[in-house]
Amino acid sequence: MTTLKSPDRFDTLKRYMPGLMFALVLALAANFLSEHYGAPVMLFALLLGMAFHFMSEEGRAVAGIEFASKSLLRLGVGLLGARITFEQMMTLGPRPVLLVLMSVVLTIGCGLLMAKLFRRHWTFGLLTGGAVAICGASAALAISAVLPERSDREQNTLFTVIAVTGLSTVAMIAYPILFTALGFDERAIGIMIGATIHDVAQVVGAGYAVSDTAGDIATLVKLLRVALLPVVIIAIMLFSMRGEGGRGRVTLPGFVLLFAALAAANSFGLLPGVVADFLSEASRWMLITAIAALGARTALKDMFALGAGHVSVVVAITLFLMVLAILAVGYV
């Protein structure tokens with residue numbers, strides 16, 4: 001009598017382990033370089049990964065690199081929910097919340113418009129608009145996971161991560177100087193920094209470079225943008241269905257449900273502080289590892305082939321968001 005054997009989990013782990021360990025080593029190296037040289041850790045992870053592109057072409061590491069760039073990244077995005085509490089959002093008051101909601105919608109709309117003007121596919125407009133509007137590299141990875149399958153999706157994702165990380169670093173240096181020169185007070189500067197800079201780390205750096213008050217406000221506004229990630233993901237899924245002919249039904253990805261569940265648990269005090277901190281740090285390392293793996297899967301020649309139009313789209317969206325915040329901050 002024959003018996004059916006269940007899949008051997010050890011064999012699965014053995015298949016993924018070489019690539020996972022490779023991506024983790026790159027993540028550790030990127031973190032070391034970031035701590036010692038001050039540049040964004042995501043940028044170092046990308047560049048290191050791209051330098052080892054040959055590892056993803058053949059050999060024992062291929063399966064693990066693909067797993068890290070897809071499954072691990074979704075889990076990392078889901079764990080971002082441990083950073084969020086509704087109480088944090090309420091301390092801002094209604095007007096900054098409305099500003100963030102308005103800027104997110106208009107920025108994603110700007111992304112679609114810029115993609116059309118520069119003759120890029122609408123999925124690239126959603127990807128870049130969402131990344132700029134929400135939380136930079138993390139949002140780019142999350143949005144890419146729910147966009148329709150295309151041959152250029154990974155190249156566009158990697159380009160967006162590089163672009164928003166680089167622009168976020170420039171903004172971290174330039175925005176505090178610009179907003180101060182324009183005569184805004186600490187509260188207004190904090191709101192604008194939190195509403196415009198792409199990545200969380202750069203928001204924190206720019207805000208506290210102005211003052212503790214500006215830093216606190218900037219961090220809260222930024223977390224509000226991060227909290228909108230599940231809403232934006234659902235909206236993009238609906239829009240993608242429409243773009244593909246309106247067929248099928250929306251099934252929420254597991255990482256979106258995980259994000260929402262953790263945010264709710266954290267908001268109602270069901271998640272102990274030490275657990276929330278652990279999950280937040282685990283999310284950070286998963287995303288760094290995933291970006292290193294994504295970098296390893298993309299060749300430099302593919303990046304250069306994307307053209308100046310890609311750069312123009314991301315820069316235009318970034319400038320649009322900055323100008324929008326400057327014009328709207330007087331009302332909050």
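Here's a quick rundown of the structure. As the structure is a computational prediction, the values presented were derived from the model and not from experiment.

The next subject is the packing of aromatic side chains. Per the counting criterion, the structure on display carries five aromatic pairs. Here F22 and F52 contribute two aromatic rings whose centre-to-centre distance is 5.8 Å and whose plane-to-plane angle is 75°, an arrangement assigned as edge-to-face. Here F22 is found in helix α1 (residues 9-37), whereas its partner F52 is found in the loop between α2 (41-51) and α3 (62-79), with 30 residues between them in sequence. The partly exposed category is assigned to F52, whose relative accessible area is 32%. Seen in terms of ring centroids, Y175 and F179 are 5.3 Å apart; in terms of plane orientation they differ by 45°. Their pairing is tilted. Placement of the pair is Y175 and F179 together in helix α8 (residues 153-181), with a separation of four residues, close to one helical turn. By relative accessible area, Y175 is classed as buried at 7%. The class for F179 is buried, based on a relative accessible area of 0%. Every member of this aromatic cluster is reached through a ring pair, and the members are F22, F52 and F54. Over the ring of W285 we find R284, and its NZ or CZ is 5.4 Å from the ring centre.

Another point: a negative patch on the surface. The grouping of D185, E186, D212 and D216 at the surface amounts to a negative patch. Assignment of secondary structure puts D212 in helix α11 (residues 212-227).

This part takes up the environment of S211. Within the secondary structure, S211 is located in the loop between α10 (200-210) and α11. We classify S211 as buried; its relative accessible area is 11%. Along the backbone, S211 and G254 are 43 residues apart, and their C-alpha atoms lie at a distance of 39 Å. A distance of 3.1 Å separates a polar atom in the side chain of S211 from the backbone nitrogen of A214.

Rules of the game
Residue positions are given per chain, counted from 1 along the sequence in the order it is written. Local features in this predicted model are restricted to residues of pLDDT 70 or higher, and side-chain atom pairs are both shown and tallied only at a pLDDT of 80 or more, whereas totals for entire chains, interfaces and linings draw on every residue. Working from all heavy atoms in the structure, the side-chain values ignore hydrogens and water. Aromatic pairs are defined between Phe, Tyr and Trp rings, using the six-membered ring for Trp, whenever the two ring centres lie within 6.5 Å; interplanar angles under 30 degrees are classed as stacked, those over 60 as edge-to-face, and all others as tilted. Under the scheme used here, helices are H or I runs from DSSP no shorter than 4 residues and strands are E runs no shorter than 2 residues, and both carry numbers assigned from the N terminus. Type-normalised accessible area, obtained with a 1.4 Å probe on protein chains alone, sets the label of each residue: buried when under 20%, exposed when over 50%, and partly exposed for intermediate values. Here, a charge over a ring means that NZ of Lys or CZ of Arg falls within 6 Å of the ring centre while also lying within 35 degrees of the ring normal. Patch rule: a residue counts if its relative accessible area is over 30% and it has no salt bridge; like charges are joined within 9 Å, and nonpolar side chains (Val, Leu, Ile, Met, Phe, Trp, Tyr) within 5 Å. Areas reported as accessible are Shrake-Rupley estimates using a 1.4 Å probe. Residue values count occlusion only from the protein chains shown. Note on definitions: salt bridges are taken to be side-chain nitrogens of Lys or Arg within 4 Å of carboxyl oxygens of Asp or Glu. Think of it this way: Lys and Arg go in the positive column, Asp and Glu in the negative one, and His and the chain ends go nowhere. A single reference atom marks each charge: NZ on Lys, CZ on Arg, CG on Asp, CD on Glu. Polar contacts, as counted here, are pairs of nitrogen or oxygen atoms within 3.5 Å of one another; within protein the pair requires one atom able to donate a hydrogen and one able to accept it, and residues that are adjacent in sequence qualify only if both atoms are side-chain atoms.

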